Amino acid sequence: MLLVASSLQLTTPATAEPTPDHPPLGAVFPLGDHSAPKTGSKELAPGVTYRVFTQGAANDVWTVWVRYDDGQEVTTGKATATALAERLRTAGYGDARVVPLDSPATADTYAQTFYGVHVGSYATATEAKALQEELKTKGFADSRTLYTAETNPDSRGPWQIRVITIRPDAQVDLRTEHGTNVSGSETVRQLSAAAGALAAVNGTEFDIDSINNTAFTGHEGVPQGLYMKNNVLLGSPNNGRTALLLNAAGGGHRITEVKSRTWITAPDGTERDVDGVNRVAGQILGCGGVGDDFRKTASLGNVPRLDPWRNGICYDPNEIVVFRPEWGTTTPAPAKEWAGAPVTEVVMNGNWDVLALRDAPGPIPAGGRVLQGIGKGREWLRTLKPGDRVTPHTTVTDTAGTPVTAPTLSAVGAPARPR
């Protein structure tokens, strides 16, 4: 989560400089019929302004989105969608229709067209819900209701755009927050209240429990890619993916592609890359990892991939993942792809001194670390013994190789920007 909070550390006195008028309250956004929006503005603190722009008029309907037999809402095969729509028509639902959903190319994804199937057009959610219940009795048990503005590229809204404008000398902090632990999920409202924030918004994408996420690892709070708080790496980036950097090296905030490397050195001088930080071993959400990562394909089998791939899943049978107390109280089991594979964990204190080795997930010591290994990563960890000191190393850089770390750096990975 990204939040704006009052700061006791910033002592520069406020000036008479006005808060920048951006976007101006009279701005018209390129949405719908480009009609002038309704606007509102509120000062949250000296130099911090909250603006709301409401533009457009409703022209969409409520409908039922029928899922495929595999539980997914979309498919890349138009023939599959056409077949489902035909089944619905045969069952008496003549307005069943195939809906194309275009996903444009970005920095780490290619353009794709997906296909969903919708049934019904209603003015109210209640009517759509009644159709959903009726469909269950006709053998179409898996569906959901939706307002078609969610998928309609010609929607006229209404849209609501919310903007926080912060004057450079405002007495506030802009930072990241994750709540009780990295592995659990809390709402933005809960996180904001706990932090005493003036304003907050989701900061990144997460591994979530969803009908469309068949590879869910069981931990909803885990960010997809980079997450740093107070210059501490709490989630490894999908290397080469965009990230928002707050209070980065050189001062200020920016958006850029980011890479990192974390590795450890054993007492005998041998080194080993750490594949991940605070995530389930063996599965990389968004890809962009290191080592033996691959993605599964229907036509080519397992294809090596180290580049980022938004919302894609890569796998690696030979990993070492480090868990900090921020993860939670106990390390997780490796990804279900490697269920039953042997595991070795190295339990360490805050100085990275080895306290014990174990062969199953277990508690994370307060202030300590746990290295979890599978496959070749497990073999490397088993060369360590209690009393050894492991030396950790981490670099976080932009694409030019310039370090971005700074004492108060906060950073989150973000959806890839278009090129």
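Preceding this paragraph is the structure being described.
Procedures and definitions
Residues numbered from 1 in each chain as written. Predicted model: local features only at pLDDT ≥ 70, side-chain atom pairs only at ≥ 80, totals over all residues. Heavy atoms only, no water. Helix = DSSP H or I, 4+ residues; strand = E, 2+ residues; numbered from the N terminus. Contact = heavy atoms within 4.5 Å. 1 Å grid on protein atoms, 1.4 Å probe; cavity = no way out; pocket = protein on both sides within 12 Å on 5 of 7 lines; lining within 4 Å. Points joined across faces, edges and corners; volume = space filled by probe spheres on them. Nonpolar A, V, L, I, M, F, W, Y, C, P; charged D, E, K, R; others polar. Expected span 1.5 Å × (residues − 1). Buried < 20%, exposed > 50% of the residue type's maximum accessible area, 1.4 Å probe, protein only. Arc of directions from axis to C-beta. Salt bridge = Lys/Arg side-chain N within 4 Å of Asp/Glu carboxyl O. Pairing = 2+ DSSP bridges. Core = buried A, V, L, I, M, F, W, Y, C linked by side-chain atoms within 4.5 Å.

Trainee: Any chance you could explain the side chain of Lys229 here in plain terms?
Mentor: Take Lys229: it is sitting in strand β11 (residues 227–229). Residues contacting Lys229, with those up to four places away along its chain left out, are Thr176, Glu177, His178, Leu234, Leu409 and Ser410.

Trainee: For this particular structure, what's the right way to read empty space enclosed by the protein?
Mentor: Think of a ball as big as a water molecule: rolled over the atoms, this probe shows where empty space is left. In this structure the tally under the stated criterion is 2 cavities of 30 Å³ or more. Roughly 370 Å³ of volume is contained in the largest cavity. If you go around the largest cavity, you meet 30 residues; those closest to its centre are Ser236, Asn238, Arg279, Ile284 and Leu285. Contributions of two or more residues to the lining of the largest cavity are made by β14 (254–265) and β17 (283–287). Top contributing element to the lining of the largest cavity by residue count: β17, with 4 residues. Each residue belonging to the lining of the largest cavity can be placed in one class, and the counts come to 12 nonpolar, 13 polar and 5 charged. Roughly 40 Å³ of volume is contained in the second largest cavity. Along the walls of the second largest cavity sit Gln224, Gly225, Leu226, Pro237, Asn238, Arg241, Thr242, Ala243, Val258 and Gly413, which together make up its complete lining. Residue contributions to the lining of the second largest cavity peak at 3 residues, all from strand β13 (residues 241–246).

Trainee: When you look at helix α2 (residues 125–137) in this model, what are you seeing that I'm missing?
Mentor: Residues that lie three or four places apart on an α-helix share one face, since the helix turns once every 3.6 residues. The terminal C-alpha atoms of α2 lie 19 Å apart, and with 13 residues this matches the ideal 18 Å at 1.5 Å per residue to within 8%. Residues of α2 that are buried: Ala128, Leu131, Gln132 and Leu135. Along the axis of α2, the buried residues cluster in a sector spanning 105°; they form a single face. Residues Thr126 and Thr137 are exposed on α2 and point more than 90 degrees away from its buried face. Residues of α2 that are buried in the fold lie against β4 (62–66), α1 (78–90), β6 (112–122) and β7 (143–147). Positive phi shows up at Gly139, right after α2, with a value of about 95°.

Trainee: Just checking my understanding: could you explain the pattern of salt bridges for this structure?
Mentor: Two side chains that carry opposite charge are able to pair once their charged atoms sit near each other. As enumerated under the stated definition, the model contains 22 salt bridges in all. Residues Glu177 and Lys229 are paired through a salt bridge, measuring 3.0 Å at the closest nitrogen-oxygen approach. Placement of Glu177 in the loop between β9 (172–176) and α3 (188–195) and of Lys229 in strand β11 is noted, with a sequence separation of 52 residues between them. The pair Glu177 / Lys229 is uniform in exposure class, with both members buried. Across the pair Asp398 and Arg254 runs a salt bridge whose closest N-O atoms are separated by 3.7 Å. With Asp398 in strand β25 (residues 391–398) and Arg254 in strand β14, this pair connects stretches of sequence that are 144 residues apart.

Trainee: Looking at this model, I keep getting lost on the pairing of β14. Mind explaining?
Mentor: As a general feature of sheets, a regular strand has side chains that alternate between the two faces. The pairing of β13 with β14 spans 5 bridges and is antiparallel. In the sheet register, Leu244 faces β14, and the bridge partner there is Ile255. Relative to β25, β14 runs antiparallel, the two sharing 8 bridges. When the sheet's bridge partners are listed, Arg261 is paired in β25 with Thr395. In the sheet, β14 pairs with strand β15 (residues 271–273) via 3 bridges, with the strands oriented antiparallel. Paired with Thr265 across the strands is Glu271, a residue of β15.

Trainee: Hey, could you run me through the nonpolar core in this one?
Mentor: A general tendency of soluble globular proteins is for nonpolar side chains to be buried together. Counting residues in each nonpolar core, the largest one holds 26 residues, and the members touching the most others are Leu226, Leu245 and Leu371. At the level of secondary structure, the elements contributing two or more residues to this core comprise β13, β14, β21 (320–323), β22 (343–348) and α4 (376–381). Once residues within four sequence positions are removed from consideration, Leu226 is found in contact with Leu233, Gly235, Ser236, Pro237, Asn238, Ala243, Leu245, Val258, Ala411, Val412 and Gly413. Of all hydrophobic cores here, the second largest spans 17 residues; its members include Ala215, Val222, Val343 and Ile374.

Trainee: Quick question: what am I supposed to make of the sheet that holds β21 here?
Mentor: In a beta sheet, neighbouring strands pair by backbone hydrogen bonds and run either parallel or antiparallel. Taking strand neighbours across the sheet as the criterion, the 5 strands line up as β16-β21-β24-β22-β23 in an open arrangement whose pairing is mixed. The two strands at the open ends of the sheet, each matched to only one other strand, are β16 (276–277) and β23 (354–358). Relative to β23, β22 runs antiparallel, the two sharing 4 bridges. Of the residues in β23, the one forming a bridge with Glu345 is Arg358.

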